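# Report on the structure
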Amino acid sequence: HTVTRPPPTPSPLRFSKFFQANLRILVTGGAGFIGSHLVDKLMENEKHEVIVVDNFFTGSKDNLKKWIGHPRFELIRHDVTEPLLVEVDQIYHLACPASPIFYKYNPVKTIKTNVIGTLNMLGLAKRVGARILLTSTSEVYGDPLQHPQTEEYWGNVNPIGVRSCYDEGKRVAETLMFDYHRQHGLEIRIARIFNTYGPRMNIDDGRVVSNFIAQAIRGEPLTVQAPGTQTRSFCYVSDMVDGLIRLMEGDNTGPINIGNPGEFTMMELAETVKELINPDIPLRIVENTPDDPRQRKPDITKAKNLLGWEPKVVLRDGLPLMEEDFRQRLNVPSK
Ligand code: NAD
Ligand code: UDP
Ligand code: UDP
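Predicted model only: the values in this text are computed from it and were never measured.

## Comments concerning the overall build of the chain
- Along the chain, the regular secondary structure elements total nine helices and 13 strands.
- In summary, the chain has a C-alpha radius of gyration of 20 Å against a globular reference of 20 Å for 335 residues, a match within 12%.
- The dimensions of the chain, computed from C-alpha atoms along their principal axes, are 60 × 50 × 40 Å.
- Put simply, the chain has 335 residues, and 45% of those count as buried.
- Long-range pairs, those at least 24 residues apart, make up 81% of the contacts in the chain between residues at least 6 apart in sequence.

## As for the site of ligand 1
- Surveying the vicinity of ligand 1 reveals 28 residues, the closest of which are Gly 29, Gly 32, Thr 58, Gly 59 and Ala 98.
- Contributions of two or more residues to the shell around ligand 1 are made by helix H1 (33-43), helix H3 (107-128) and strand E5 (131-137).
- With three residues, H1 is the single largest residue contributor to the shell around ligand 1.
- Residue composition of the shell around ligand 1, by class: twelve nonpolar, 14 polar and two charged.

## Describing the environment of Leu 330
- Mapped onto the secondary structure, Leu 330 falls in helix H9 (residues 315-330).
- In contact with Leu 330, not counting residues within four places along its chain, are Ile 203, Ala 214 and Ile 217.

## Overview of the UniProt feature "domain: NAD(P)-binding" (unreviewed entry) in the chain
- The UniProt record marks residues 26-320 with the feature "domain: NAD(P)-binding" (unreviewed entry), using the residue numbering of this structure.
- Across residues 26-320 one finds 36% helix and 18% strand; the C-alpha atoms that close the span lie 31 Å apart.

## Notes on the site of ligand 3
- Looking at ligand 3, there are 13 residues lining it, with Arg 207, Val 208, Asn 211, Gln 225 and Met 266 nearest.
- Of all the elements in the fold, those that place two or more residues in the shell around ligand 3 are helix H5 (208-218) and strand E8 (222-225).
- Element by element, the count of residues in the shell around ligand 3 is highest for E8, at three residues.
- Considered class by class, the residues forming the shell around ligand 3 number four nonpolar, six polar and three charged.

## What to know about the packing of H3 against helix H4 (residues 164-184)
- At a closest axis distance of 9 Å, the pairing of H3 and H4 adopts a crossing angle of 15 degrees. With respect to H4, the axis of H3 lies roughly parallel. Considering only the axes of H3 and H4, their crossing is right-handed. Contacts between H3 and H4 involve Pro 107, Thr 110, Ile 111, Asn 114, Val 115, Thr 118, Leu 119, Leu 122 and Lys 126 from the first element and Cys 165, Tyr 166, Gly 169, Lys 170, Val 172, Ala 173, Leu 176, Met 177, Tyr 180 and His 184 from the second.
- Residues belonging to the contact of H3 with H4 are distributed by class as follows: twelve nonpolar, five polar and two charged.

## Describing unusual backbone geometry
- The omega angle of the peptide bond from Ala 226 to Pro 227 is 0 degrees, so this bond is cis rather than trans.
- The linkage connecting Gly 254 with the following residue, Pro 255, adopts the cis geometry, with an omega of 5 degrees.
- Its place among the elements puts Pro 255 in the loop between helix H6 (237-249) and strand E11 (256-258).
- Even without a glycine there, the phi angle at Phe 56 is positive, about 60 degrees.
- Looking at the element boundaries, Phe 56 is found in the loop between strand E2 (48-54) and strand E3 (73-77).
- The phi torsion at Arg 200 lies on the positive side, around 75 degrees, for a residue other than glycine.

## A look at H1
- Burial of H1 is extensive: eight of the eleven residues sit out of reach of the surface.
- Residues of H1 that are buried include every one of Phe 33, Ile 34, Gly 35, Ser 36, His 37, Leu 38, Val 39 and Leu 42, and no others.
- Buried-residue contacts for H1 involve strand E1 (23-28), E2, strand E4 (90-93), strand E7 (196-197) and H6.

## Some points on H5
- H5 sits mainly inside the fold: ten of its eleven residues count as buried.
- Those residues of H5 not exposed but buried are Val 208, Val 209, Ser 210, Asn 211, Phe 212, Ile 213, Ala 214, Gln 215, Ala 216 and Ile 217.
- Packed against the buried residues of H5 are E7, E8, strand E9 (231-233), helix H7 (266-277) and H9.
- Downstream of H5 by a residue or two, Gly 219 has a phi angle that is positive, lying close to 75 degrees.

## Remarks on the nonpolar core
- Counting 76 residues, the largest nonpolar core has Ile 91, Ile 132 and Ile 213 as the members making the most contacts within it.
- With residues near it in sequence (within four places) discarded, Ile 91 still touches Leu 26, Met 121, Leu 124, Ala 125, Ala 130, Ile 132 and Leu 133.

## Thoughts on the pairing of E2
- Counting buried positions along E2 gives six out of seven residues, so the element sits mostly inside the fold.
- Sheet topology note: the E1/E2 ladder contains six bridges and is parallel. Paired with Val 27 across the strands is Val 52, a residue of E2.
- In the classification by handedness, the crossover that spans E1, the intervening H1 and the parallel E2 is right-handed.
- Of the strand pairs in this sheet, E2 and E3 are connected by five bridges, and their pairing is parallel. Its bridge partner lying in E3, Ile 51 is registered against Glu 74.

The rules behind the values
Residues numbered from 1 in each chain as written. Chains lettered and ligands numbered in written order. Predicted model: local features only at pLDDT ≥ 70, side-chain atom pairs only at ≥ 80, totals over all residues. Helix = DSSP H or I, 4+ residues; strand = E, 2+ residues; numbered from the N terminus. Rg over C-alpha atoms; globule rule 2.2 N^0.38 Å. Buried ≥ 20, exposed ≤ 12 C-beta atoms within 10 Å, placed from the backbone. Contact = placed C-beta atoms within 7 Å. Near = placed C-beta within 6 Å. Nonpolar A, V, L, I, M, F, W, Y, C, P; charged D, E, K, R; others polar. UniProt positions renumbered as here; feature names shortened; annotations may be inferred. Axes fitted to C-alpha atoms, helices over the stretch in contact; angles between N-to-C directions. Parallel < 35°, antiparallel > 145°, perpendicular 65-115°, else oblique. Left-handed = near helix turned anticlockwise from the far one by under 90°. Core = buried A, V, L, I, M, F, W, Y, C linked by C-beta atoms within 7 Å. Pairing = 2+ DSSP bridges. Right-handed = clockwise from strand over helix to strand, strands pointing away.

Structural data, given as structure tokens:
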């Protein structure tokens, strides 16, 4: 028994003579942290037209201010849980709050964004024959029983916990991507993004790197959530954007882990921030939140072999770049 796949619909733009040289790219969630850096990179290529769709839940126009009014750029206020009609060749589908305090704020909406939002973008990709990339997450591995995590690992996820709207939402989004690929022949790409940091992160989004840097600049104690031995691996945003573009342009559907394998305990991260930014501040152990994964580190063999990608910026070089951005936004010049 063989399944015959319908051939992918050719993109009306990619095959039209007039636009042959141009690529029109949709970035959902393009006003957010990673999205806006991706837009900056895509706009560097004069053959790209970029359309950003964002509902500004966690993103802001400020992140895109240098492009507003540019002839190759368009910004549309739109919620991806509603259908969208545009004509594009590629879709980078990032729209979804990424920080626990935001995705837990309205968990039902988070699920709708991941499920209905991804369904709509797949429907769009199908109609116009566009290639679509989903930014999934290392959270699909849950509290992993395999370390480091390879793409083959199926994960250890609580289906009914407070993080589930995000974790399970992304897992369904991945499933939808593969079903549209198998059933409708869509060209799909899935990136499993590990913790990413850099300029333009929300200052008050409760994530560990943004918290520690803001606290160090404000002269407040660094809040290490207990026990402090839990680990994460932090990827600088320019490396992340480079990986996403390589994945989109390459021939592999993924899922592919994109992250920095350098692994740190939260205590080590706090010590590093303290040393680099403000040696006078104390560390304070505070209560943790439920279902916090104990360790996380990507196996990036696949990204290395298939995309020729590996991160270049080490934590000690990335943190000062973020500090500079935070100082400007917090209006606290360095001493
Ligand atoms: P972010 O919150 O800065 O950006 C998300 C953007 O999506 C925001 O601009 C927000 O306004 C927009 N958005 C949210 N819901 C929407 C909706 N229903 N319709 C339209 N727009 C909507 O987060 P980020 O860190 O830039 O994350 C981008 C993507 O990468 C997300 O899909 C996230 O799940 C994934 N990711 C991020 C990380 C990380 O460490 N930052 C890790 C794993 C995965
Ligand atoms: N969709 C969209 N833009 C398009 C095409 C489809 O937002 O250009 C939405 C559509 O409203 C539907 C979803 O994508 O909710 C899935 O579309 P598909 O055609 O795959 O399924 P169907 O409409 O047959 O359920
Ligand atoms: N964390 C911390 N102090 C903070 C915020 C977070 O020690 O002020 C810890 C948190 O318990 C977790 C890790 O940092 O173990 C990463 O948390 P974050 O919310 O940044 O990302 P995620 O849990 O999604 O990886």
